Amino acid sequence: MGLATFIGGVHPYEGKELSMEHPITVLQPKGVEMVFPLSQHIGAPAKPLVAVGDEVLVGQIIAEAGGFISANVISSVSGKVKKIEPRRVANGSMVNSIIIEDNKEYNAIEGFGEKRDYIRLSKDKIRKIVKDAGIVGLGGAGFPTHVKISPKNEDEINYIIVNGAECEPYLTSDYRLMMEEPKKIIEGLKIILQLFPNATGIIGIENNKPKAIEKLKAFAQNEPKIEVVELYTKYPQGGERSLIYACTKRKLNSSLLPADVGCIVDNVDTVVSIYNAVAESTPLIRRILTVTGDAITTPQNFNVRTGTNYQELIEAAGGFKEEPRKILSGGPMMGQALFTLDIPVTKASSSITTFLHDEVEENPETPCIKCGRCIDVCPSYLVPVLMMEKALNDDTEGFEKLNGMECVECGSCAYVCPAKRPLTQGFKYMRQAVAAKRRAEAAKKEVK
Amino acid sequence: MTGNFNVSSSPHVRDNSSTANIMKDVCIAMIPTLAFGCFQFGLSALIVVIGTVIACVLAEYLYEKLMKKPITIGDFSAVVTGLILALNMPPQIPVWMPILGGVFAIIVVKQLYGGLGQNFMNPALAARCFLLISFAGAMTNFSSVAMNYDSSSTATPLASLKAIGIENAMEKYNMLNIFLGRIPGTIGEVSTIALLIGALYLVVRKVISLRIPLVYIATVAVFVFIFGDHNPTTVLYHIISGGLIFGAFFMATDYVSSPVTKKGQIYFAIFIGILTGLFRLFGGNAEGVSYAIIIGNIVAPLIEKSTLPKAFGREAKKA
């Protein structure tokens, strides 16, 4: 039997060897200014609970969820609230942020770090702890975790899938976490399983990480409800739909949530955060980031407090070997290109990838020759070549007819395109346009 | 730190394929049949090949220069068009004819429709049909061919098959000679073995998939078996003689003018297979591959539209 996987996908250069053998280094912020954007998750921005001049503590909720789909923001340091103003974040936009002057004392709130016996906690209590801790999906999307673990009918959940695929090239933070905290992953998964009586746990890991597979298999040995699944190494194996299909053969589309097909997917880092919050009373105040790429002196992995400036991570990794041409927040397939390093680490940060060369710039676009390679690699079975024609004509209707909204923006089509066409860029633009159109139509209906 | 960093949309990496590399692979794949054609038919074949390729590249260059468009001859697509057109020519044709054909292919069929990727027909095949209509005599005259083997034949195997039946045709050209290419025909279509070597290269290099060629050839085989003389030997004769192998692997697989969807490619191959069978068995000519493929090219967009794949998870519903 072959390894679990999906149809389509690509095999870009992995680049993980640069940083995968570097253990996670805990980094304390050097600068005094810590920035906490109110929008570090999918959904409504959080509402500030503090005012300028207030003293805050480590673990304190400084902004609360601003809607059903939203998440709390927690201070990672102790100090004084200096300002509340828009600041630049990784995606380039300005987001209202709470700026705290770090007093370097790290005084924490009462009960911070206290051990708890999670088996005795009620389901509602666990969900409340997760919500209070500000936990969101740390695989990149940032979907509030307390919403994810509160489906309509908890009896219908059959699988809790822990995403340890880490298919994005260059990233090794999840790998290091699996190597260094396997017990927390297992325990965190057991906490989630406690919420769902009919569910079993699956930990999916790509087979380019044999040591992690071995380690977690050893820890899962005596856990009857937990299975480690070895996944074939292929991008985007860690995409939610691809992973669910690989592990369970269940399919879902853009109109469904994983819970609709009886699955809940959480990244390994999210599961560890759940463990930290529930069993050790430690909310989400840290992030593990890989700082890597051919422009960095010593590629490695850091555990940093949220709100830390990106520039500090670059310095901690020995700075640049040479002036990079491109800097990414995230990996090369789905990461955001940065024009400044003056941005804070947020819950959604996973890595800083730096390149001496920009392959996009070095491969100018040429006419499409309809080779169809984009179709072969699309994990959503779409026809990117035809979708791009619609995108170039700004034809949102035609784009929707070609199921453009099923695109997961994984970038596989643009990666393989021999004509080097910016397919994914076109689709991102169209998907936003269609979503805006749908919102406008829904608003119109409401008025009527 | 704010520096001079490039900002663009993800993905930020590209694989090492390129249009030029694909076109170069197609050129490399035609080397065996090209070499065999020149060996068998001599200098005149070589002159036709060189003349046609130069005509295509030069036509593209001059057109783009005159129209103040970026010069794209570096992508090798004009070379591919020139080679395919040349390999479709009888070896003794006056060289100005394929040169005219090359100019027609590049200017009329390719550039006037918008250049690379925009032509709705295979330029080389459209030019071949243009020449067939304009110069029917020269385009189907294989009699004066001074071949590098001992034969006084004038008709191609397919023409013989049509005129005198399978048994007599077999006496004239046995299967081995057809397979090797020791027969009259166009420069590039004669040697099945040389074509298959090139086709294998294209498949190994993942430039083409076997979907169109195999379905196409199988459809012709089934059609000829049912509507012909129900003789497996005739079927094999049909497959390895005439332009079927060349057409199936090198022309029907042209990216631009064939459907891009997988299912569409199968329907397209069946469609041109039936047309080829029809033309060969019931048409006035012994050949039929070129016309079948360009008619298929015209239908391709329609086939494409009606064979869009079902998106992943479309059928999924709330549990």
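Look up a bit, the structure's there.
On a predicted model such as this, the values are computed, not experimentally measured, just so you know.

(A) Looking closely at the overall build of chain A. Looking only at helices and strands, chain A features 14 helices and 17 strands. Taken against the 2.2 N^0.38 rule, which gives 22 Å for 448 residues, the C-alpha radius of gyration of chain A at 22 Å falls within 12% of a compact globule. Dimensions of chain A, computed from C-alpha atoms along their principal axes, come out at roughly 65 × 60 × 50 Å. Within chain A, the proportion of its 448 residues that are buried is 56%. Considering only intrachain contacts with a sequence separation of at least 6, the fraction spanning at least 24 residues in chain A is 73%.

(B) Summary view of the interface of chain A and chain B. Contacts between the two partners involve 60 residues from chain A and, on the opposite side, 36 residues from chain B. Secondary structure elements with two or more residues in the side of chain A that touches chain B: strand E15 (326-329), strand E16 (336-338), helix H9 (359-362), helix H13 (412-416) and helix H14 (423-447) of chain A. Within the side of chain A that touches chain B, the residues separate by chemical class into 32 nonpolar, 13 polar and 15 charged.

(C) Region of the structure containing the sheet that holds strand E2 (residues 33-37) of chain A. Residue and element names in this part refer to chain A. The sheet built from four strands is open, its strands ordered E2-E8-E7-E4 with antiparallel pairing. The outermost strands of the open sheet, each flanked by one partner alone, are E2 and strand E4 (55-56). Sheet topology note: the E2/strand E8 (residues 94-102) ladder contains five bridges and is antiparallel. Bridge pairing links Phe 36 to Ile 98 in E8.

(D) Up close: helix H7 (residues 268-280) of chain A. All names here are of chain A. The first and last C-alpha atoms of H7 sit 17 Å apart over 13 residues, in line with the 18 Å expected at 1.5 Å per residue. Burial analysis of H7 places twelve of its 13 residues in the buried class, the great majority of the element. Among the residues trailing H7, Ser 281 stands out with phi positive, at a value near 50°.

(E) Molecular detail of the nonpolar core. Of all hydrophobic cores here, the largest spans 227 residues; its most connected members are Ile 161 and Val 278 of chain A. Contact partners of Val 278 of chain A, with chain neighbours within four places excluded, come to Arg 116, Tyr 118, Leu 121, Ile 126, Ile 129, Val 130 and Ile 191 of chain A.

(F) Examining the pairing of strand E7 (residues 79-88) of chain A more closely. Residue and element names in this part refer to chain A. With two bridges connecting them, E4 and E7 associate as antiparallel partners. Each residue of the ladder has a partner; that of Glu 55, found in E7, is Lys 80. Pairing geometry for E7 and E8, over nine bridges, is antiparallel. Considered in E8, the bridge of Lys 83 is made with Ile 99. The hairpin formed by E7 and E8 contains five residues between the paired strands, and Gly 92 there has a positive phi angle of roughly 95°.

Calculation notes
- Residues numbered from 1 in each chain as written.
- Chains lettered and ligands numbered in written order.
- Predicted model: local features only at pLDDT ≥ 70, side-chain atom pairs only at ≥ 80, totals over all residues.
- Helix = DSSP H or I, 4+ residues; strand = E, 2+ residues; numbered from the N terminus.
- Rg over C-alpha atoms; globule rule 2.2 N^0.38 Å.
- Buried ≥ 20, exposed ≤ 12 C-beta atoms within 10 Å, placed from the backbone.
- Contact = placed C-beta atoms within 7 Å.
- Nonpolar A, V, L, I, M, F, W, Y, C, P; charged D, E, K, R; others polar.
- Pairing = 2+ DSSP bridges.
- Expected span 1.5 Å × (residues − 1).
- Core = buried A, V, L, I, M, F, W, Y, C linked by C-beta atoms within 7 Å.

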